[in-house]
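# Summary of structural features
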Amino acid sequence: MDTLETSPVVLTGDRPTGPLHLGHYAGSLEQRLQLQNKYRQYVLIADVQAMTDYFNQPEFLARQVREIMLDYLSVGLDPAKTTFVLQSQIPEISELFVYFLNLITLARLQRNPTVKDEMKQKKIGADIPAGFLTYPVHQAADITVFGAALVPVGEDQLPMIEQTREIVRTFNRTYGDTLVEPRALLSRVPRLPGIEGRSKMSKSLGNTIPLHSDPGFVERQVMRMYTDPLKIHASDPGHVEGNVVFSYLDAFDPDQEGLAGLKERYISGKTGDVAVKKRLIAVLNDFLFPLRAKRKEWERHIPSVLEILRDGTVKAGQQARDTMGRVRGALKMEQFL
Ligand code: TRP
């Protein structure tokens, strides 16, 4: 039986580009709360990766790092169990990234489905920045420099893990067994839709419910939620699939039995949108209440918040230097000089 200190490393990361929201909670944070009890968990704030989009707005990123730490602490990620790491303070990641670049072709990078999707979304054509095309390789370095064996991800990040595995296999084949080949741990929760029913949640679309939302905002967002366009009156038959209110109730309602009953009444025309939205507002505010309290508390102690991040980064830096010692050995670098 592994003790916590010898258990496998599990690593997740977020770009600090905006407040974490209910979608992040259902898709990832909830799982991290469990994982921190079983594994050595690293949570990486990927500020260098965020620069692929925000390289011309450095002040913005600095502010977001603090905000995302408040989000983590308010949901209950525990600094005694989870190591928080600021990517930009681990130069070993960038060093490993450079060695990795020799092990992958441009054509393979251009085939990465996640990168292709993002290029389409951002309307990047032939003028693709090199940093954007290669960020999956940088991400492979994030994962391997800390020796992560498990990487919990949503569906959209699976190609990243596949690419990491390929790079690690090539590295180990070329230089001898040195790096841990990670496995993806696919999150079981399907992605929550934005409140208007679009699959993509984003701050600029205004279709999320951030974890720091006040009760008034939660209520306004729920009242705007897309439901069943064919159900005009409460007495009309209704649909729960594709109905955003029910997607959120599925994810957050602690009384799933009661919810099953509500669905039946909604489908058969015995209740309407107002009733289900009222239930969701209450469910979400109950859920967010303790998070708000914790956040307020941490907001009064910002220096401690930053110290937690600094301490985690120092500890992670040690791990990164260990790995790079082995990598440099495998690359025979001690014989260069
Ligand atoms: N690419 C991830 C995202 O956009 C963030 C990330 C950076 C990450 N480094 C990572 C995720 C390492 C997992 C492991 O959400």
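Residues numbered from 1 in each chain as written. Predicted model: local features only at pLDDT ≥ 70, side-chain atom pairs only at ≥ 80, totals over all residues. Heavy atoms only, no water.

## Comments concerning the sheet that holds strand S4 (residues 148–153)
Read across the open sheet, the five strands follow the order S3-S2-S1-S4-S5; overall the sheet is parallel. This sheet does not close on itself; its edge strands, each paired only once, are strand S3 (82–86) and strand S5 (183–186). Strand-to-strand twist of the sheet, defined as the mean angle between neighbouring strand axes without regard to direction, takes the value 30 degrees. Sheet topology note: the strand S1 (residues 9–14)/strand S2 (residues 40–45) ladder contains six bridges and is parallel. Looking at S2, one finds that Asp-14 is bridged to Ile-45. (Pairing = 2+ DSSP bridges. Helix = DSSP H or I, 4+ residues; strand = E, 2+ residues; numbered from the N terminus. Axes fitted to C-alpha atoms, helices over the stretch in contact; angles between N-to-C directions.)

## Focus: the pattern of salt bridges
Counted under the stated rule, the structure contains 16 salt bridges. One salt bridge connects Arg-15 with Asp-53, and the closest N-O pair in it is separated by 3.2 Å. Residue Arg-15 is located in the loop between S1 and helix H1 (22–38), and its partner Asp-53 is located in helix H2 (residues 47–54); the two are separated by 38 residues in the primary sequence. For Arg-295, the salt bridge is made with Glu-67, and the minimal N-O distance between the two is 2.9 Å. Residue Arg-295 is found in helix H12 (residues 273–299), and its partner Glu-67 is found in helix H3 (residues 58–75); the two are separated by 228 residues along the sequence. For Arg-295, a relative accessible area of 7% puts it in the buried group. (Salt bridge = Lys/Arg side-chain N within 4 Å of Asp/Glu carboxyl O. Buried < 20%, exposed > 50% of the residue type's maximum accessible area, 1.4 Å probe, protein only.)

## Things to note about the packing of helix H10 (residues 244–252) against H12
At their nearest, the axes of H10 and H12 sit 10 Å apart, and the two run at 40 degrees to each other. Helix-helix and strand crossings are classified by hand; for H10 and H12 the assignment is left-handed. Residue-level inspection shows Val-245, Phe-246, Tyr-248, Leu-249 and Phe-252 of H10 in contact with H12, the latter providing Val-276, Lys-277, Arg-279, Leu-280, Val-283, Leu-284 and Phe-287. A breakdown of the residues in the contact of H10 with H12 according to their chemical character gives 10 nonpolar, no polar and two charged. (Left-handed = near helix turned anticlockwise from the far one by under 90°. Contact = heavy atoms within 4.5 Å. Nonpolar A, V, L, I, M, F, W, Y, C, P; charged D, E, K, R; others polar.)

## Brief notes about the site of the ligand
Looking at the ligand, the residues that line it are Leu-11, Gly-13, Arg-15, Leu-44, Ala-46, Gln-49, Gln-139, Asp-142, Ile-143, Val-151 and Gln-157. Gln-139 is positioned such that a nitrogen or oxygen atom in its side chain is 2.8 Å from a nitrogen atom of the ligand. Within the side chain of Gln-157, one N or O atom sits 3.3 Å away from a nitrogen atom of the ligand. The fraction of the free accessible surface of the ligand (370 Å²) that becomes covered by protein chains is 86%. Split into classes, the residues belonging to the shell around the ligand amount to five nonpolar, four polar and two charged. (Near = heavy atom within 4 Å. Polar contact = N/O pair within 3.5 Å; in protein donor to acceptor, adjacent residues only side chain to side chain. Areas by Shrake-Rupley, 256 points an atom, 1.4 Å probe, with all protein chains shown as cover.)

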